[in-house]
Amino acid sequence: MSKLLNSRRKPGLCTTVVEQLKTVLGDGAYLTAPEDMSPYLTDRRGLFAARTALVARPGSTEQVCEVVKICAETGVGIVPQGGNTGLVGGSVPDDSGAELLLSLSRMNAVREVDRLNSTATVEAGCILADVQRVAEEAGLLFPLSLAAEGSCQIGGNLATNAGGTAVLRYGNARDLVLGLEVVTASGEVWNGLRRLRKDNTGYDLKQLFLGSEGTLGVITAAVVKLFPRPKQVHAAFLALSSVDAATDLLMSCYEAVGEALSTFEYLDHTSVELPLRYVPDTRRPLAKTYDHYVFLEIGSTREDDDLSERLETILEAGYESGEILDATIAQTGAQRDALWRLREAIPEATRTAGAGIKHDVSVPVSRVPEFLQSAGEIVRRLHPDALIVSFGHLGDGNIHYNLTQPDGVSVEDFLAPEAALREAIYELVASLDGSFSAEHGIGRLKRDALERYRAGTEIEMMRALKRALDPDNILNPGRVV
Ligand SMILES: Cc1cc2nc3c(=O)[nH]c(=O)nc-3n(C[C@H](O)[C@H](O)[C@H](O)COP(=O)(O)OP(=O)(O)OC[C@H]3O[C@@H](n4cnc5c(N)ncnc54)[C@H](O)[C@@H]3O)c2cc1C
């Protein structure tokens, strides 16, 4: 058994510690009433029950340090929380009542926008959409974009190394950061808020905290990269003859437009039909229905770029080869918004449709057709009634391979084969050199899978890092490792 599991735990969040925390935080910076704490204690997917005696809402890095110091001295586990949109149970306390919830939401200042260096220095609690807006006001672009952007926070995005819909062109959250400010497990501040594009001074410490899901330090601020805004963007929604046709099209787009390609999303038949059925203001993009669709976007920072002609050439070639069956290109901003609305409505539609069994997996792009084919066979064998809703970031090899409860099947019956299915899908992913957790992280939900699929040297290195940076295991204990 790992040393971490045996780590020292002091009494927890007793009345004395709660009073100490209230004193350092001051009025307005903590919540204790159950009705006030309830939204912070609601696990997004309803999988985990959560309890705490206090939600800390510090307003400054200094206050975060004070809180962490008290918790370090008294052995209280700390669960950092951003927008609480995470999907793996990492952002809510357990049901013991002994863990403190540390919400970063009041730390939402934009400290600086630096046009010449193309950076923004933002506090962890800034809502992602606000960071995008601040960049836009400066005539620049912050390209991280995901369906939860109206409520997730940049600290949570960095702590989960969020992906989203523009990874192809700009990379994951990890690629968008130049500097970090972090409060360590002992309550010290590491000020790494540098704006350097080159900095080979020893280990790149910020990379440890990015994607660590609050287990190695509390991110309090970040310097993020901004980019020139595209002056023209073209969005197209296509019906394809097969998944192989979709990966062929991805290659054609790369060859024709290179890094102008920012979005390349796959949607299966049900991923289009469910939003149309359950989510208001969604519109059918093509006159007929098909089995496979791609939603793509290309953009250029040059007004005189001939991108639209190049897109039409790609589509013509696809029609001629029979790989593209139908297509629409958005002619107006409203049409483009409608295509995005359909894509981003899929999670809401599946939630409304019923219970779900979800897999957030990635495989090398070249193996996506094989993955979808074999996963379909697994579902037909183990759960023939389930509705397959497979969609996601095909350009990144990241498919959300989800199953939804069909009409006429009870939740219990629908969920009964979940464990066997998950095991079979994860084994398939491993056989294709893929990952069982592409962008949502490990949290509490996927710890067993991490033990299994990263066993040996890899997980031992992760545990060594955890022991080095959080020896008393107070930062998000029981999550990730
Ligand atoms: C509709 C929907 C669509 C989504 N689409 C995507 C997608 O396309 N790509 C993607 O990657 N994810 C996606 N997600 C998952 C989720 O939105 C992301 O993981 C997001 O980055 C989480 O941000 P948050 O602020 O909500 O973090 P939270 O959920 O609050 O926290 C997530 C984790 O980060 C830790 N944490 C939060 N803030 C800090 C901090 N300041 N310091 C240290 N640790 C911290 C928490 O302890 C927790 O472990 C989606 C979720 C929803 C609901």
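Everything below is about the structure printed above this text.
Residues numbered from 1 in each chain as written. Predicted model: local features only at pLDDT ≥ 70, side-chain atom pairs only at ≥ 80, totals over all residues. Heavy atoms only, no water.

So, the nonpolar core
If you look at the biggest cluster of nonpolar residues, it comprises 55 residues, and the most contacted ones within it are L249, L261, F264, L296, F371 and Y401. Ranked by the residues each element gives to this core, the list is headed by helix α8 (residues 243-257), at 7 residues. If sequence neighbours within four positions are ignored, L261 has contacts with L168, R169, L250, C253, Y254, L296, E297 and I298. If you look at the next biggest cluster of nonpolar residues, it comprises 32 residues, including C126, L140, F142 and F227. (Core = buried A, V, L, I, M, F, W, Y, C linked by side-chain atoms within 4.5 Å. Buried < 20%, exposed > 50% of the residue type's maximum accessible area, 1.4 Å probe, protein only. Helix = DSSP H or I, 4+ residues; strand = E, 2+ residues; numbered from the N terminus. Contact = heavy atoms within 4.5 Å.)

Describing the sheet that holds strand β4 (residues 100-103)
The sheet built from 4 strands is open, its strands ordered β1-β2-β4-β3 with mixed pairing. Strands at the two margins of the open sheet, each flanked by one partner only, are β1 (30-31) and β3 (78-81). Note that β1 and strand β2 (residues 55-56) share 2 bridges and pair antiparallel. Within the sheet, the bridge partner assigned to Y30 lies in β2 and is A56. (Pairing = 2+ DSSP bridges.)

Looking at the environment of A420
Structurally, A420 is set in helix α15 (residues 418-431). For A420, a relative accessible area of 42% corresponds to the partly exposed category.

Details of the site of the ligand
Around the ligand there are 36 residues in total, and P80, G82, G83, T85 and G86 lie nearest to it. Between the ligand and G86 there is a distance of 2.7 Å, counted from an oxygen atom to a backbone nitrogen or oxygen. Interatomic distance of 3.4 Å between a side-chain N/O atom of S91 and an oxygen atom of the ligand. If the ligand stood free it would expose 970 Å²; the protein chains cover 95% of that surface. Among the elements of the structure, β3, α5 (154-159) and β10 (218-225) are those that each provide at least two residues to the shell around the ligand. The element contributing the most residues to the shell around the ligand is α5, with 4 residues. Tallied by class, the residues present in the shell around the ligand amount to 13 nonpolar, 20 polar and 3 charged. (Near = heavy atom within 4 Å. Polar contact = N/O pair within 3.5 Å; in protein donor to acceptor, adjacent residues only side chain to side chain. Areas by Shrake-Rupley, 256 points an atom, 1.4 Å probe, with all protein chains shown as cover. Nonpolar A, V, L, I, M, F, W, Y, C, P; charged D, E, K, R; others polar.)

Some words on helix α13 (residues 368-382)
The terminal C-alpha atoms of α13 lie 21 Å apart, and with 15 residues this matches the ideal 21 Å at 1.5 Å per residue to within 8%. Of all the residues in α13, the buried ones are V368, P369, F371, L372, A375, G376, I378 and V379. On its buried face, α13 sits against α8, β13 (261-268), β17 (360-362), β18 (387-393), β19 (398-404) and α15. (Expected span 1.5 Å × (residues − 1).)

Some details on unusual backbone geometry
Negative phi characterises most residues that are not glycine, and trans characterises most peptide bonds. Even without a glycine there, the phi angle at N161 is positive, about 45°. Residue position: N161 is located in the loop between α5 and α6 (167-170). Its identity is not glycine, yet E213 carries a phi of approximately 55°, on the positive side. As for its placement among the helices and strands, E213 is situated in the loop between α7 (206-209) and β10. Owing to a relative accessible area of 12%, E213 belongs among the buried residues under this scheme.

Topic: the pairing of β3
Moving residue by residue along a regular strand, the side chains alternate between the two faces of the sheet. Covered by surrounding structure in β3 are I78 and P80 together with V79 and Q81, the residues of both alternating faces. The sheet contact formed by β3 and β4 spans 4 bridges and is parallel. Residue pairing for β4: I78 is matched across the bridge by L100.

Some remarks on the environment of F264
Looking at the element boundaries, F264 is found in strand β13. C-alpha of F264 to C-alpha of A246: the two residues are 18 residues apart in sequence and 9.4 Å apart in space.

Examining the packing of helix α9 (residues 269-278) against helix α12 (residues 346-353)
Following both chains from N to C, one finds α9 and α12 inclined at 70°, their axes separated by 8 Å at the closest point. When the axis of α9 is compared with that of α12, the two are roughly perpendicular. Across from S271, L274, P275 and Y278 in α9, the residues of α12 making contact are I346, A349, T350, T352 and A353. A breakdown of the residues in the contact of α9 with α12 according to their chemical character gives 6 nonpolar, 3 polar and no charged. (Axes fitted to C-alpha atoms, helices over the stretch in contact; angles between N-to-C directions. Parallel < 35°, antiparallel > 145°, perpendicular 65-115°, else oblique.)

Description of the environment of E35
Relative to the assigned elements, E35 resides in helix α2 (residues 34-37). Assessed through its relative accessible area of 61%, E35 is described here as exposed. Separated by 407 residues in sequence, E35 and I442 have C-alpha atoms that sit 29 Å apart.

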